Amino acid sequence: KERSQKFVFSEAINGNGNWLVTLCERSFKYDKLDDLKGKTIGIVSSTSVGEEFDAQANQLFKVEHDTGAGIARLQKLALKRVDALIWYGHIGNPKEIEESINKNYDIKKNGNDQLFCVISKPVSIVTNHFAMKIDPQRNQIIQRISAAIVKGRKDGSIPTLNLPNWYTTPFI
């Protein structure tokens, strides 16, 4: 909100979801932050998961700070030291993220069942934008960048964001 008073922003160039990863055997329903009440959630130290999540951290739910190393984070989850962890990934099909995690981080479970599940709704979505300090004489630059992004999405040279219907662009 403060930033919008100092900067002008382009259309979103890309976006990423903050997904909850659980052990499949200990997965839970997630639709809103209240569903995390009493849980311990692993996040990468010094990162933001979004204003709402950050405001409720260590109040509604406990936050366990992790390194950025995916394998170490997943091992912590496999050892049941956290109930879930936040996984920063593309917007789209959570099953693709789930398959990638289970394939690339080969932590074994008895049998052939997959160990990790990705909850179908991300905790938050972060969109990235170009920004410039507000300057009425130069704001047309951001307008031209936005127009190029829109044109690129129409002609296919820039991938679509595929934002879910429930997502509303935050006040930047």
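Nothing here was measured: the structure is a model prediction, and the numbers come from that model.

Colleague: Would you explain the side chain of threonine 40 in this entry?
Modeller: Examined against the element boundaries, threonine 40 turns out to sit in strand 2 (residues 40–44). Classification of threonine 40 by relative accessible area gives buried; the value is 15%. Look past the residues within four positions of threonine 40 in its chain and what remains in contact with it is Lys62, Glu64, Arg81, Val82, Asp83 and Ala84.

Colleague: Hey, could you run me through the environment of leucine 77 in this one?
Modeller: In this fold, leucine 77 is placed in helix 3 (residues 70–78). Its relative accessible area of 0% is what places leucine 77 among the buried residues. When sequence neighbours within four positions are dropped, the list of residues in contact with leucine 77 reads Val21, Thr22, Leu23, Val82, Asp83, Ala84, Leu85 and Phe116.

Colleague: Sorry if this is basic, but what is going on with the nonpolar core here?
Modeller: Counting residues in each nonpolar core, the largest one holds 16 residues, and the members touching the most others are Leu20, Leu36, Ile41 and Phe53. Listing elements by their share of this core, those giving two or more residues are strand 2 and strand 4 (84–90). Discounting residues that sit within four places of it in the chain, leucine 20 has contacts with Phe28, Tyr30, Leu36, Ile41, Ala84, Leu85, Ile86, Cys117, Val118, Ile119 and Val123. Grouped together as the second largest cluster of nonpolar side chains are 13 residues, Trp19, Leu77, Ile97 and Phe116 included.

Cut-offs and rules
Each chain carries its own residue numbering, running from 1 in the written order of its sequence. pLDDT decides what is reported in this predicted model: residues at 70 or higher carry local features, side-chain atom pairs at 80 or more are listed and counted, and totals for whole chains, interfaces and linings draw on all residues regardless. The side-chain values count all of the structure's non-hydrogen atoms but skip hydrogen atoms and water molecules. Helix and strand definitions here come from DSSP, where helices need a minimum of 4 consecutive H or I residues and strands a minimum of 2 consecutive E residues; each element is numbered from the N-terminal end. Relative accessibility under 20% of the residue-type maximum defines a buried residue, over 50% an exposed one, and the middle range a partly exposed one, all with a 1.4 Å probe and only protein chains included. Note on definitions: a residue-residue contact is assigned when non-hydrogen atoms from the two residues lie within 4.5 Å. Within this scheme, the nonpolar core is defined by two criteria: the residues are buried Ala, Val, Leu, Ile, Met, Phe, Trp, Tyr or Cys, and they are joined through side-chain atoms within 4.5 Å.

The values are spatial; any link to function lies outside them.
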